[in-house]
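Given next are the chains, with one letter for each unit.
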Amino acid sequence: MSVTITLLGKPGCHLCDDAREVIARVAADLGVAWEEQDITRSEELTRKYWEQIPVTLVNGVQHDFWRVDEERLRRAVAAARKG
């Protein structure tokens, strides 16, 4: 099963910068896609996630917020691959 990791963040967010590094590394190591969305471009995303960014989604399902635990993300991607 294909897996996509999504980082929800905003410009100038230092926690988002940290999360981006971890997500990019995990995605590259595991050969999965990742994308980033700026919550300030969507009223709905801003309203829903403003207090939690950065937010990490795995296949559209919220996985984590504030900090990304690399090992936990790796396990989540492996589980998503299995379906």
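Residues numbered from 1 in each chain as written. Predicted model: local features only at pLDDT ≥ 70, side-chain atom pairs only at ≥ 80, totals over all residues. Heavy atoms only, no water.

> Outline the state of the cysteines, supporting the account with residue identities and numerical values.
Applying the stated criterion across every chain yields a total of 1 disulfide. The residue that forms a disulfide with Cys-13 is Cys-16, at a sulfur-sulfur distance of 2.4 Å. Between Cys-13 and Cys-16, the disulfide has an S-S torsion of 80° and is therefore right-handed. What makes Cys-13 buried here is its relative accessible area of 9%. (Disulfide = S-S within 2.5 Å. Buried < 20%, exposed > 50% of the residue type's maximum accessible area, 1.4 Å probe, protein only.)

> Tell me about the sheet that holds strand S1 (residues 4–9), residues and numbers included.
If you trace the 4 strands from one edge of the open sheet to the other, you get S2-S1-S3-S4, paired in mixed fashion. The strands lining the two open edges of the sheet, one partner per strand, are strand S2 (33–38) and strand S4 (61–65). Strand-to-strand twist across the sheet, computed as the mean angle between neighbouring axes with direction ignored, equals 25°. Bridge count between S1 and strand S3 (residues 55–58): 4 bridges; the pairing is antiparallel. (Pairing = 2+ DSSP bridges. Helix = DSSP H or I, 4+ residues; strand = E, 2+ residues; numbered from the N terminus. Axes fitted to C-alpha atoms, helices over the stretch in contact; angles between N-to-C directions.)

Bear in mind that shape data such as this cannot, by itself, settle questions of function.
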